[in-house]
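# Fold and geometry: a report
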Amino acid sequence: MLHADTRPPLPVPPAYQLVDTQLDLDTLAATLSTVPWVAVDTEFMRESTYYPELCLLQLATADWCALVDPLADVDLTALWEALYRPELRTVFHAASQDLELFTLHRGAPPSAVFDTQVAAPLLGHAEGIGYARLVEAVTGVALPKDQTRADWSARPLSDSALRYAANDVVYLAQIYPEMSAALERAGRLDWLAPEWAALGDVERYRRPPDAVAQRLKGIDRFNPPQQARAQALAIWREAEAQAANLPRGWVLSDQALNALARKNPTDARALARLRDLKPATVSSHGTALLRVLREAPDAPRYPVKRRRKSADSLAQRCLLDALAAHVSVIALARQIHPDALASRAQLASWLENGDGGFDTAWRDALLDAPLRAVLRGSVLLQVRDGAVSAVDAQGGASG
């Protein structure tokens, strides 16, 4: 017996222009200066470098798609100027890495950013949804994944690689107007203003060496002097990696950093005996490592985050379960993904803070009063005909 093929269709091969001459690039910049928004994606390499190397810049509107080759003999100045027009909306999916690269080239991200991954949960999609899943959910098209490990620095790029790159913006240019219009109809477009402000904060993309010391994982198991040495080594490693434009793990692995912090060798012979430290590292950086260890303070410069222990009582866990269930009911009624409203950790923090609200005004408006009603026992969950709803304790419907 034959069955209909229910798999989603593959995409129609996109039409695109490869921009690898100065004339074509200047023409594109002029065109870009006339549009109100553009979908943007980048392909970059950073396997052997600290900083990402831009290898391809993809741009699309509803009418055209251009793939810009920054490795060709072209001056990108006019294109950057067009992309950084204050009135131009730049549309990304999962924008952080792209905006880090933009900031590296221009000193700051563009001024008006829309991230479809951030916006998607307000329309009922999963938090952190991937691009291919969002495209399939909105358009019904299944994007191929055959070029996810392509070497984007290789030249010439194959037609299949270029079509794969074009798909990353062609469908983004289809999704954005639909999402933006749906958010506006639902009165939720303004809810995203804090998210866009956070994406536009230049400090988010800067990498001062001290910052990495505040995010070290696993050193909560160390004693204070060991924590101090680990932080000092991390700061040194980050500065060294930036100066040499090398991955930080190539300068000093995490395993070696932790071994140095724990054992604190004081001379070259003790340093060479550490099994986690490569001889080449001892040869290149041995003197510097000993100096960093010697000059490290006795206590950590930055607070060490300790892992949250799951020591909640059964009653506390049940209370969080009840709050999370009410959040899901609120989200379902408004066709918002529950994770976009509040995670379990955020609910625990809300409980601990007592009168503290949520991180945005719209979350406060949706959640604070209903959840306080749950704590008072004046709102209950009701199941009827397989549907869950919130009702007040007297049996009436609850908002």
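Relevant structure appears above.
Scope of this entry: the structure provided in the associated data block. (Residues numbered from 1 in each chain as written. Predicted model: local features only at pLDDT ≥ 70, side-chain atom pairs only at ≥ 80, totals over all residues. Heavy atoms only, no water.)

## Observations regarding unusual backbone geometry
- Residue Arg155 is joined to Pro156 through a cis peptide bond whose omega torsion reads 0 degrees.
- You can see Pro156 is positioned in the loop between helix H5 (131-139) and helix H6 (159-185).
- Notably, Asn245 is not glycine yet its phi reads approximately 50 degrees, a positive angle.
- In this structure, Asn245 sits in the loop between helix H9 (224-244) and helix H10 (248-251).
- Residues other than glycine seldom take positive phi values, yet Gln335 does so here, at roughly 55 degrees.
- Tracing the backbone through its elements, the reader meets Gln335 in the loop between helix H14 (314-334) and helix H15 (338-341). (Helix = DSSP H or I, 4+ residues; strand = E, 2+ residues; numbered from the N terminus.)

## Focus: the packing of aromatic side chains
- Considering all chains together, one arrives at ten aromatic pairs under this definition.
- Centroid distance Trp80 to Tyr84: 6.3 Å. Interplanar angle 65 degrees. Geometry classified as edge-to-face. In terms of burial, Trp80 and Tyr84 fall into one category: buried.
- Within the aromatic cluster, the residues linked to one another by ring pairs are Trp37, Phe114, Tyr176 and Trp196. (Phe/Tyr/Trp six-rings, centres within 6.5 Å; stacked < 30°, edge-to-face > 60°. Buried < 20%, exposed > 50% of the residue type's maximum accessible area, 1.4 Å probe, protein only.)

## Describing H14
- For H14, spanning 21 residues, the distance from its first C-alpha to its last is 31 Å, which sits close to the expected 30 Å at 1.5 Å a residue.
- Residues Leu320, Leu323, His326, Val327, Val329, Ile330 and Ala331 constitute the buried set of H14.
- Downstream of H14 by a residue or two, Gln335 has a phi angle that is positive, lying close to 55 degrees. (Expected span 1.5 Å × (residues − 1).)

## As for helix H17 (residues 361-376)
- The terminal C-alpha atoms of H17 lie 22 Å apart, and with 16 residues this matches the ideal 22 Å at 1.5 Å per residue to within 8%.
- Along H17, the sharpest kink reaches roughly 30 degrees, centred on Leu367 and followed within four residues by the proline Pro370.
- Among the residues making up H17, those that are buried are Trp362, Arg363, Leu366, Leu367, Asp368, Leu371, Ala373 and Val374.
- Summarising the contacts, the buried residues of H17 are in contact with helix H7 (193-199), H14, H15, helix H16 (344-353) and strand S7 (379-384).
- Of the residues one or two after H17, Gly377 is the one with positive phi, at around 80 degrees. (Bend = angle between axes of the 7 residues up to and from the residue. Contact = heavy atoms within 4.5 Å.)

## Description of the sheet that holds strand S3 (residues 53-60)
- Overall, mixed pairing links the six strands, which are arranged S1-S4-S3-S2-S5-S6 in an open sheet. Only two strands of the sheet have a single partner each, and these edge strands are strand S1 (17-19) and strand S6 (113-115). Strand-to-strand twist in this sheet, taken as the mean axis angle between neighbours without regard to direction, amounts to 25 degrees.
- Strand direction decides the pairing type here: strand S5 (residues 89-92) and S6, joined by three bridges, are parallel. Of the residues in S6, the one forming a bridge with Thr90 is Val113. (Pairing = 2+ DSSP bridges. Axes fitted to C-alpha atoms, helices over the stretch in contact; angles between N-to-C directions.)

## Looking at the pairing of S3
- The element S3 is largely enclosed, with a buried count of seven among its eight residues.
- Alignment of strand S2 (residues 37-45) against S3, held across seven bridges, turns out to be antiparallel. Residue pairing across strands places Met45 opposite Glu53, the latter belonging to S3.
- One ladder, built from four bridges, connects S3 with strand S4 (residues 65-68); its direction is antiparallel. Bridging across to S4, Leu59 finds its partner in Ala66.

## Quick notes on the packing of H14 against H16
- Where H14 meets H16, the closest approach of the two axes is 10 Å, and the angle between their N-to-C directions is 115 degrees. Taken together, the axis directions place H14 and H16 in an arrangement best described as roughly perpendicular. You can see that H14 and H16 cross each other, and the crossing is right-handed. Facing Arg317, Leu319, Leu320, Asp321, Leu323, Ala324 and Val327 of H14, the residues of H16 in contact are Arg344, Leu347, Ala348, Trp350 and Leu351.
- Broken down by class, the residue content of the contact of H14 with H16 amounts to nine nonpolar, no polar and three charged. (Parallel < 35°, antiparallel > 145°, perpendicular 65-115°, else oblique. Left-handed = near helix turned anticlockwise from the far one by under 90°. Nonpolar A, V, L, I, M, F, W, Y, C, P; charged D, E, K, R; others polar.)

## A short note on the pattern of salt bridges
- Counted under the stated rule, the structure contains 14 salt bridges.
- Across the pair Arg206 and Glu203 runs a salt bridge, and its minimum N-O distance is 2.6 Å.
- Look at Arg206 and you get partly exposed, because its relative accessible area is 43%.
- With relative accessibility at 47%, the residue Glu203 sits in the partly exposed group.
- The network of salt bridges with common partners includes Arg46, Glu100 and Arg207. (Salt bridge = Lys/Arg side-chain N within 4 Å of Asp/Glu carboxyl O.)

## Here we look at the nonpolar core
- Counting residues in each nonpolar core, the largest one holds 91 residues, and the members touching the most others are Leu59, Val68, Leu79, Leu83, Trp152, Leu341 and Leu367.
- Examining the composition of this core, we find that 14 residues originate from one element, H6, more than from any other.
- Judged by nonpolar contacts, the second largest core, of 25 residues, contains Tyr50, Val212, Val251 and Leu290. (Core = buried A, V, L, I, M, F, W, Y, C linked by side-chain atoms within 4.5 Å.)

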